[in-house]
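Each chain, written out:
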Amino acid sequence: MVDDLAIQTTEATGRKSGLDEAAFRALYDRTARPLWGYIARATGNDSLADDLVQESYFRFLRANFEPESEDHAKNYLFRIATNLVRDHFRGAQRAQLPLEHDPSVKGHEHQVHLQHDLRRAMMQLKPRERELLWLGHVERFSHKEIAEILGLKAGSIRLLLFRARKKLAAMLEESNRSVEEDS
Amino acid sequence: MRDRPCALEDQILVATRSDGLTAELSRHLATCRSCSEAVSIDDLLQSEARRAPELSRLPDPGRIWIQARQQRLLQAADRATRPIRAAEKIALATGAVGLAIGTAMSWPLVRSWLGRTGTALANIGGDTDGLLSTNPVPIIAGTLLFLVLFGLYSELVEG
(Lines give C-alpha, C1' and ligand atoms only; values in the text may rest on other atoms or scores of the structure.)
Protein backbone atom coordinates (compact mmCIF):
# COMPACT_ATOMS: atom_id res chain seq x y z
CA MET A 1 0.00 0.00 0.00
CA VAL A 2 2.93 2.28 0.60
CA ASP A 3 3.70 1.96 -3.11
CA ASP A 4 0.12 2.93 -3.95
CA LEU A 5 0.57 6.12 -2.06
CA ALA A 6 3.74 6.84 -3.99
CA ILE A 7 5.37 8.66 -1.17
CA GLN A 8 7.50 11.32 -2.71
CA THR A 9 11.13 11.57 -1.84
CA THR A 10 12.85 14.88 -2.40
CA GLU A 11 15.85 14.58 -4.69
CA ALA A 12 17.84 17.18 -2.88
CA THR A 13 17.66 15.76 0.61
CA GLY A 14 16.51 12.20 0.12
CA ARG A 15 14.06 12.89 2.91
CA LYS A 16 10.41 11.87 2.71
CA SER A 17 8.17 14.88 2.31
CA GLY A 18 4.59 13.61 2.35
CA LEU A 19 2.50 12.74 -0.69
CA ASP A 20 2.84 13.97 -4.22
CA GLU A 21 -0.22 15.35 -5.97
CA ALA A 22 -1.11 12.15 -7.81
CA ALA A 23 -0.88 10.12 -4.62
CA PHE A 24 -2.98 12.67 -2.80
CA ARG A 25 -5.66 12.57 -5.50
CA ALA A 26 -5.71 8.77 -5.32
CA LEU A 27 -6.05 8.89 -1.55
CA TYR A 28 -8.77 11.52 -1.86
CA ASP A 29 -10.73 9.43 -4.36
CA ARG A 30 -10.71 6.48 -2.00
CA THR A 31 -11.39 8.28 1.24
CA ALA A 32 -13.41 11.46 0.53
CA ARG A 33 -16.85 9.84 0.44
CA PRO A 34 -16.41 7.78 3.61
CA LEU A 35 -14.95 10.80 5.34
CA TRP A 36 -17.85 12.97 4.21
CA GLY A 37 -20.32 10.34 5.45
CA TYR A 38 -18.63 10.20 8.82
CA ILE A 39 -18.58 13.98 9.28
CA ALA A 40 -22.13 14.43 7.97
CA ARG A 41 -23.52 11.87 10.44
CA ALA A 42 -21.37 13.11 13.30
CA THR A 43 -22.51 16.72 12.82
CA GLY A 44 -25.94 16.12 11.28
CA ASN A 45 -25.18 18.83 8.75
CA ASP A 46 -24.33 18.08 5.11
CA SER A 47 -23.10 21.57 4.25
CA LEU A 48 -20.82 21.62 7.23
CA ALA A 49 -19.54 18.20 6.16
CA ASP A 50 -18.43 19.70 2.83
CA ASP A 51 -16.40 22.34 4.65
CA LEU A 52 -14.93 19.99 7.21
CA VAL A 53 -13.94 17.45 4.56
CA GLN A 54 -11.98 20.18 2.81
CA GLU A 55 -10.43 21.37 6.05
CA SER A 56 -9.49 17.79 7.03
CA TYR A 57 -7.52 17.24 3.83
CA PHE A 58 -6.04 20.69 4.07
CA ARG A 59 -4.73 19.97 7.56
CA PHE A 60 -3.59 16.52 6.47
CA LEU A 61 -1.44 18.06 3.74
CA ARG A 62 -0.16 20.92 5.85
CA ALA A 63 1.00 18.45 8.49
CA ASN A 64 3.30 16.89 5.88
CA PHE A 65 2.30 13.56 7.35
CA GLU A 66 4.25 10.53 6.16
CA PRO A 67 1.80 7.60 6.12
CA GLU A 68 3.14 4.08 6.39
CA SER A 69 0.15 2.71 4.52
CA GLU A 70 -3.19 3.77 3.11
CA ASP A 71 -4.92 2.56 6.27
CA HIS A 72 -2.55 4.67 8.30
CA ALA A 73 -3.36 7.72 6.18
CA LYS A 74 -7.08 7.01 6.47
CA ASN A 75 -6.90 6.68 10.25
CA TYR A 76 -5.02 9.94 10.45
CA LEU A 77 -7.61 11.67 8.28
CA PHE A 78 -10.45 10.39 10.44
CA ARG A 79 -8.60 11.57 13.53
CA ILE A 80 -8.29 15.07 12.05
CA ALA A 81 -11.98 15.01 11.12
CA THR A 82 -12.93 13.88 14.64
CA ASN A 83 -11.02 16.81 16.11
CA LEU A 84 -12.72 19.21 13.71
CA VAL A 85 -16.13 17.82 14.62
CA ARG A 86 -15.30 18.23 18.30
CA ASP A 87 -14.16 21.80 17.73
CA HIS A 88 -17.47 22.38 16.04
CA PHE A 89 -19.43 21.08 19.03
CA ARG A 90 -17.10 22.77 21.50
CA GLY A 91 -17.96 26.15 20.04
CA ALA A 92 -20.81 28.27 21.30
CA GLN A 93 -23.98 26.32 21.97
CA ARG A 94 -25.02 25.39 18.47
CA ALA A 95 -28.58 25.60 17.38
CA GLN A 96 -29.93 22.19 16.52
CA LEU A 97 -29.97 22.12 12.77
CA PRO A 98 -32.99 20.57 11.13
CA LEU A 99 -32.34 17.26 9.50
CA GLU A 100 -31.95 17.83 5.82
CA HIS A 101 -34.34 16.20 3.50
CA ASP A 102 -32.41 14.02 1.12
CA PRO A 103 -34.09 13.30 -2.19
CA SER A 104 -31.47 10.67 -2.97
CA VAL A 105 -33.05 8.37 -0.43
CA LYS A 106 -35.24 6.31 -2.65
CA GLY A 107 -36.98 3.07 -2.28
CA HIS A 108 -39.69 1.67 -0.15
CA GLU A 109 -41.58 4.15 2.01
CA HIS A 110 -40.83 2.08 5.08
CA GLN A 111 -37.13 2.27 4.31
CA VAL A 112 -37.35 6.04 3.88
CA HIS A 113 -39.05 6.30 7.28
CA LEU A 114 -36.43 4.09 8.81
CA GLN A 115 -33.61 6.20 7.40
CA HIS A 116 -35.32 9.35 8.60
CA ASP A 117 -35.80 7.88 12.07
CA LEU A 118 -32.22 6.73 12.08
CA ARG A 119 -30.92 10.22 11.32
CA ARG A 120 -33.17 11.73 13.93
CA ALA A 121 -32.12 9.17 16.52
CA MET A 122 -28.45 9.58 15.62
CA MET A 123 -28.71 13.29 16.30
CA GLN A 124 -30.08 12.54 19.75
CA LEU A 125 -26.99 10.55 20.60
CA LYS A 126 -23.88 12.19 21.98
CA PRO A 127 -21.31 13.14 19.32
CA ARG A 128 -18.93 10.49 20.63
CA GLU A 129 -21.62 7.80 20.39
CA ARG A 130 -22.32 8.78 16.79
CA GLU A 131 -18.61 8.67 16.01
CA LEU A 132 -18.25 5.27 17.63
CA LEU A 133 -21.18 3.77 15.73
CA TRP A 134 -20.06 5.16 12.40
CA LEU A 135 -16.45 4.12 12.77
CA GLY A 136 -17.40 0.67 14.05
CA HIS A 137 -20.32 -0.24 11.80
CA VAL A 138 -19.74 1.73 8.60
CA GLU A 139 -16.00 2.15 8.36
CA ARG A 140 -15.49 -1.10 10.24
CA PHE A 141 -12.33 0.06 11.89
CA SER A 142 -10.88 -2.28 14.49
CA HIS A 143 -11.31 -1.38 18.14
CA LYS A 144 -7.66 -0.38 18.26
CA GLU A 145 -8.08 1.96 15.29
CA ILE A 146 -11.26 3.48 16.73
CA ALA A 147 -9.42 4.07 20.00
CA GLU A 148 -6.63 5.86 18.14
CA ILE A 149 -9.03 8.02 16.18
CA LEU A 150 -11.18 8.99 19.14
CA GLY A 151 -8.41 9.16 21.71
CA LEU A 152 -9.91 6.43 23.90
CA LYS A 153 -8.62 3.22 25.43
CA ALA A 154 -8.86 0.26 23.06
CA GLY A 155 -10.21 -1.93 25.84
CA SER A 156 -13.21 0.32 26.39
CA ILE A 157 -14.37 0.48 22.76
CA ARG A 158 -16.31 -2.78 22.78
CA LEU A 159 -18.46 -1.76 25.72
CA LEU A 160 -18.90 1.85 24.56
CA LEU A 161 -19.95 0.65 21.14
CA PHE A 162 -22.39 -1.79 22.68
CA ARG A 163 -23.94 0.92 24.83
CA ALA A 164 -24.22 3.38 21.95
CA ARG A 165 -25.87 0.70 19.81
CA LYS A 166 -28.26 -0.22 22.58
CA LYS A 167 -29.23 3.42 23.03
CA LEU A 168 -29.78 3.88 19.31
CA ALA A 169 -31.83 0.68 19.10
CA ALA A 170 -34.00 1.83 22.01
CA MET A 171 -34.61 5.18 20.32
CA LEU A 172 -35.54 3.52 17.04
CA GLU A 173 -37.85 1.13 18.84
CA GLU A 174 -39.51 4.02 20.63
CA SER A 175 -39.94 5.92 17.39
CA ASN A 176 -41.38 2.84 15.71
CA ARG A 177 -43.82 2.34 18.58
CA SER A 178 -45.04 5.96 18.31
CA VAL A 179 -45.65 5.54 14.57
CA GLU A 180 -47.62 2.35 15.19
CA GLU A 181 -49.70 4.02 17.89
CA ASP A 182 -50.44 6.99 15.62
CA SER A 183 -51.58 4.78 12.77
CA MET B 1 -31.32 -7.92 28.75
CA ARG B 2 -27.70 -8.13 29.78
CA ASP B 3 -25.46 -5.08 29.92
CA ARG B 4 -22.47 -6.63 28.24
CA PRO B 5 -21.96 -7.32 24.56
CA CYS B 6 -22.42 -10.91 23.46
CA ALA B 7 -19.23 -12.88 23.01
CA LEU B 8 -20.37 -14.04 19.57
CA GLU B 9 -21.19 -10.56 18.33
CA ASP B 10 -18.02 -10.05 16.27
CA GLN B 11 -18.41 -13.45 14.65
CA ILE B 12 -22.05 -12.78 13.87
CA LEU B 13 -21.29 -9.40 12.33
CA VAL B 14 -18.46 -10.74 10.17
CA ALA B 15 -20.65 -13.63 9.05
CA THR B 16 -23.69 -11.50 8.17
CA ARG B 17 -21.56 -8.95 6.33
CA SER B 18 -20.13 -11.70 4.15
CA ASP B 19 -23.36 -13.71 3.86
CA GLY B 20 -21.60 -16.56 5.60
CA LEU B 21 -23.94 -17.18 8.49
CA THR B 22 -23.72 -20.81 9.58
CA ALA B 23 -26.73 -22.71 10.93
CA GLU B 24 -25.30 -22.52 14.41
CA LEU B 25 -24.80 -18.75 14.23
CA SER B 26 -28.29 -18.35 12.73
CA ARG B 27 -29.78 -20.19 15.68
CA HIS B 28 -27.84 -17.97 18.06
CA LEU B 29 -28.90 -14.83 16.18
CA ALA B 30 -32.56 -15.83 16.47
CA THR B 31 -32.33 -15.96 20.24
CA CYS B 32 -29.76 -13.30 21.14
CA ARG B 33 -31.23 -9.84 21.34
CA SER B 34 -27.85 -8.13 21.58
CA CYS B 35 -26.62 -9.78 18.38
CA SER B 36 -29.84 -9.15 16.46
CA GLU B 37 -29.68 -5.50 17.49
CA ALA B 38 -26.06 -5.32 16.34
CA VAL B 39 -26.98 -6.78 12.95
CA SER B 40 -29.98 -4.47 12.50
CA ILE B 41 -27.99 -1.36 13.40
CA ASP B 42 -25.16 -2.51 11.16
CA ASP B 43 -27.59 -2.89 8.22
CA LEU B 44 -29.23 0.46 8.85
CA LEU B 45 -25.97 2.34 9.16
CA GLN B 46 -24.64 0.65 6.04
CA SER B 47 -27.62 1.74 3.99
CA GLU B 48 -27.34 5.23 5.48
CA ALA B 49 -23.69 5.33 4.42
CA ARG B 50 -24.70 4.86 0.78
CA ARG B 51 -26.21 8.32 0.94
CA ALA B 52 -22.78 9.99 0.58
CA PRO B 53 -22.61 12.33 -2.43
CA GLU B 54 -20.73 11.54 -5.60
CA LEU B 55 -17.07 12.48 -5.59
CA SER B 56 -17.71 15.16 -8.21
CA ARG B 57 -19.90 17.05 -5.73
CA LEU B 58 -17.21 17.09 -3.09
CA PRO B 59 -14.49 19.77 -2.91
CA ASP B 60 -11.94 19.59 -5.70
CA PRO B 61 -8.78 17.83 -4.48
CA GLY B 62 -6.65 19.88 -6.90
CA ARG B 63 -7.71 23.09 -5.21
CA ILE B 64 -7.06 21.66 -1.77
CA TRP B 65 -3.62 20.54 -2.95
CA ILE B 66 -2.73 23.99 -4.34
CA GLN B 67 -3.95 25.84 -1.24
CA ALA B 68 -2.05 23.50 1.05
CA ARG B 69 1.09 23.86 -1.06
CA GLN B 70 0.84 27.65 -0.96
CA GLN B 71 0.39 27.50 2.79
CA ARG B 72 3.39 25.19 3.12
CA LEU B 73 5.55 27.51 0.99
CA LEU B 74 4.57 30.48 3.13
CA GLN B 75 5.38 28.52 6.28
CA ALA B 76 8.73 27.44 4.81
CA ALA B 77 9.57 31.02 3.83
CA ASP B 78 8.62 32.17 7.29
CA ARG B 79 10.83 29.52 8.87
CA ALA B 80 13.75 30.31 6.53
CA THR B 81 13.70 34.05 7.24
CA ARG B 82 13.21 33.67 10.98
CA PRO B 83 16.98 33.77 11.78
CA ILE B 84 17.40 36.86 9.59
CA ARG B 85 14.55 38.61 11.35
CA ALA B 86 15.95 37.63 14.72
CA ALA B 87 19.42 38.94 13.72
CA GLU B 88 17.87 42.21 12.55
CA LYS B 89 16.10 42.64 15.87
CA ILE B 90 19.27 41.86 17.81
CA ALA B 91 21.26 44.33 15.67
CA LEU B 92 18.67 47.05 16.14
CA ALA B 93 18.52 46.46 19.87
CA THR B 94 22.31 46.44 20.15
CA GLY B 95 22.52 49.63 18.11
CA ALA B 96 19.90 51.33 20.24
CA VAL B 97 21.63 50.32 23.47
CA GLY B 98 25.03 51.39 22.07
CA LEU B 99 23.71 54.77 21.04
CA ALA B 100 21.97 55.24 24.35
CA ILE B 101 25.23 54.48 26.19
CA GLY B 102 27.19 56.75 23.83
CA THR B 103 24.73 59.56 24.37
CA ALA B 104 24.85 59.10 28.13
CA MET B 105 28.66 59.09 28.14
CA SER B 106 28.86 62.28 26.10
CA TRP B 107 25.93 63.87 27.88
CA PRO B 108 27.71 67.21 28.72
CA LEU B 109 28.43 67.66 25.03
CA VAL B 110 24.85 66.79 24.09
CA ARG B 111 23.48 69.14 26.72
CA SER B 112 25.56 72.08 25.54
CA TRP B 113 24.59 71.34 21.95
CA LEU B 114 20.93 71.24 22.90
CA GLY B 115 21.34 74.55 24.68
CA ARG B 116 22.95 76.15 21.63
CA THR B 117 20.28 74.65 19.37
CA GLY B 118 17.57 76.13 21.58
CA THR B 119 19.16 79.53 21.37
CA ALA B 120 19.60 79.26 17.61
CA LEU B 121 15.97 78.23 17.14
CA ALA B 122 14.87 81.17 19.25
CA ASN B 123 16.78 83.44 16.89
CA ILE B 124 15.44 81.97 13.66
CA GLY B 125 15.78 84.46 10.95
CA GLY B 126 18.89 85.78 12.60
CA ASP B 127 22.31 84.28 12.92
CA THR B 128 22.33 80.51 12.35
CA ASP B 129 26.09 80.17 12.41
CA GLY B 130 25.95 79.02 16.01
CA LEU B 131 23.87 75.99 15.04
CA LEU B 132 25.90 75.10 11.98
CA SER B 133 29.21 75.46 13.69
CA THR B 134 28.26 73.10 16.53
CA ASN B 135 29.68 69.59 16.86
CA PRO B 136 27.76 67.31 14.38
CA VAL B 137 28.26 64.13 16.43
CA PRO B 138 25.27 64.58 18.74
CA ILE B 139 23.05 65.51 15.78
CA ILE B 140 24.03 62.38 13.94
CA ALA B 141 23.77 60.30 17.11
CA GLY B 142 20.33 61.67 17.88
CA THR B 143 19.09 61.07 14.35
CA LEU B 144 20.47 57.54 14.33
CA LEU B 145 18.97 56.84 17.73
CA PHE B 146 15.61 58.01 16.46
CA LEU B 147 15.89 55.90 13.31
CA VAL B 148 16.99 52.81 15.23
CA LEU B 149 14.21 53.16 17.75
CA PHE B 150 11.69 53.72 14.99
CA GLY B 151 13.01 50.67 13.13
CA LEU B 152 12.87 48.55 16.26
CA TYR B 153 9.32 49.69 16.93
CA SER B 154 8.23 48.90 13.35
CA GLU B 155 9.86 45.48 13.55
CA LEU B 156 8.12 44.67 16.82
CA VAL B 157 4.77 45.87 15.51
CA GLU B 158 5.11 43.79 12.32
CA GLY B 159 5.78 40.73 14.24
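Residues numbered from 1 in each chain as written. Chains lettered and ligands numbered in written order. Predicted model: local features only at pLDDT ≥ 70, side-chain atom pairs only at ≥ 80, totals over all residues.

Caption draft 1: Just the overall build of chain B, in detail. Summing up its helical and strand segments, chain B has 7 helices and 0 strands in all. Mapped in sequence order, the helices and strands of chain B form the string α-α-α-α-α-α-α. In chain B, once contacts between residues fewer than 6 apart in sequence are set aside, the share between residues at least 24 apart is 61%. (Helix = DSSP H or I, 4+ residues; strand = E, 2+ residues; numbered from the N terminus. Contact = placed C-beta atoms within 7 Å.)

Caption draft 2: Highlighting the environment of E37 of chain B. With respect to the helices, strands and loops of the structure, E37 of chain B is situated in helix α3 (residues 33-49). Between the alpha carbons of E37 of chain B and E9 of chain B there is a distance of 9.9 Å; along the sequence they are 28 residues apart. Residues contacting E37 of chain B, with those up to four places away along its chain left out, are R165, K166 and A169 of chain A.

Caption draft 3: Expanded view of the packing of helix α3 (residues 46-62) of chain A against helix α4 (residues 70-90) of chain A. Residues and elements named next belong to chain A. It is the contact of α3 with α4, at a shortest axis distance of 9 Å, that shows an interaxial angle of 130°. The orientation of α3 relative to α4 falls into the category oblique. As for how α3 packs across α4, the hand of that crossing is right-handed. For the pair α3 and α4, contact is made by L48, L52, E55, S56, R59 and F60 and by Y76, L77, I80, A81, L84, V85 and H88, respectively. Within the contact of α3 with α4, the residues separate by chemical class into 9 nonpolar, 2 polar and 2 charged. (Axes fitted to C-alpha atoms, helices over the stretch in contact; angles between N-to-C directions. Parallel < 35°, antiparallel > 145°, perpendicular 65-115°, else oblique. Left-handed = near helix turned anticlockwise from the far one by under 90°. Nonpolar A, V, L, I, M, F, W, Y, C, P; charged D, E, K, R; others polar.)

Caption draft 4: The arrangement of α4 of chain A in detail. Compared with the 30 Å implied by 1.5 Å per residue over 21 residues, the 30 Å span of α4 of chain A between its first and last C-alpha is a close match. Along α4 of chain A, the positions that sit buried rather than exposed are A73, K74, N75, L77, F78, I80, A81, T82 and V85 of chain A. (Expected span 1.5 Å × (residues − 1). Buried ≥ 20, exposed ≤ 12 C-beta atoms within 10 Å, placed from the backbone.)

Caption draft 5: Inspection of the nonpolar core at higher detail. Core analysis: the largest hydrophobic core is formed by 53 residues, its most contacted members being L35, W36, I39, V53 and A81 of chain A. Broken down by element, this core gets its largest block of residues, 10 residues, from helix α2 (residues 21-43) of chain A. Beyond its immediate sequence surroundings of up to four residues, W36 of chain A is in contact with A49 and V53 of chain A together with A52, P53 and L58 of chain B. (Core = buried A, V, L, I, M, F, W, Y, C linked by C-beta atoms within 7 Å.)

Caption draft 6: Local environment of the interface of chain A and chain B. Contact residues are listed per partner, giving 33 residues for chain A and 24 residues for chain B. Those elements that place two or more of their residues in the side of chain A that touches chain B are α2, α3, α5 (109-124), α6 (127-138) and α8 (154-182) of chain A. Per-element tally for the side of chain A that touches chain B: the top contributor is α2 of chain A, with 9 residues. Among the residues forming the side of chain A that touches chain B, the class breakdown is 18 nonpolar, 5 polar and 10 charged.

Caption draft 7: Up close: unusual backbone geometry. Non-glycine residue R140 of chain A carries a positive phi angle of around 55°. Inspection of the secondary structure puts R140 of chain A in the loop between α6 and α7 (143-150). Of the residues examined, R140 of chain A has 14 C-beta atoms within 10 Å and is grouped as partly exposed. One non-glycine residue, D19 of chain B, lies in the positive phi region at around 55°.

Caption draft 8: Region of interest: the environment of S36 of chain B. All names here are of chain B. By the element assignment, S36 lies in helix α3. Accessibility expressed as a C-beta count within 10 Å gives 16 for S36, which makes it partly exposed. Taking the C-alpha atoms as reference points, S36 and L13, 23 residues apart in sequence, are found 9.5 Å from one another.

Caption draft 9: Broad picture of the packing of α4 of chain A against α7 of chain A. All names here are of chain A. Running from amino to carboxyl end, α4 crosses α7 at an angle of 40°, the nearest separation of the two axes being 8 Å. Our classification of the angle between α4 and α7 gives oblique. Here α4 and α7 pass one another in a crossing that is right-handed. Contacts between α4 and α7 involve N75, F78, R79 and T82 on the former and, on the latter, E145, E148, I149 and L150. Looking at the contact of α4 with α7 residue by residue, the classes come out as 3 nonpolar, 2 polar and 3 charged.

Caption draft 10: Summary view of the confidence of the model for chain A. Residue and element names in this part refer to chain A. For chain A, per-residue confidence averages 80 on the pLDDT scale, and residues scoring 70 or more make up 76% of the total. Mean pLDDT across the elements of chain A ranges from a minimum in strand β1 (residues 7-9), with 40, to a maximum in α7, with 94. Note on residues 1-16: pLDDT under 50 across the span, and 30 contacts to partners over four residues away in sequence or across chains. In this model, residues 92-106 is a region of pLDDT below 50 whose contacts with residues beyond four sequence positions or in other chains number 13 contacts. (pLDDT = per-residue confidence, 0-100.)

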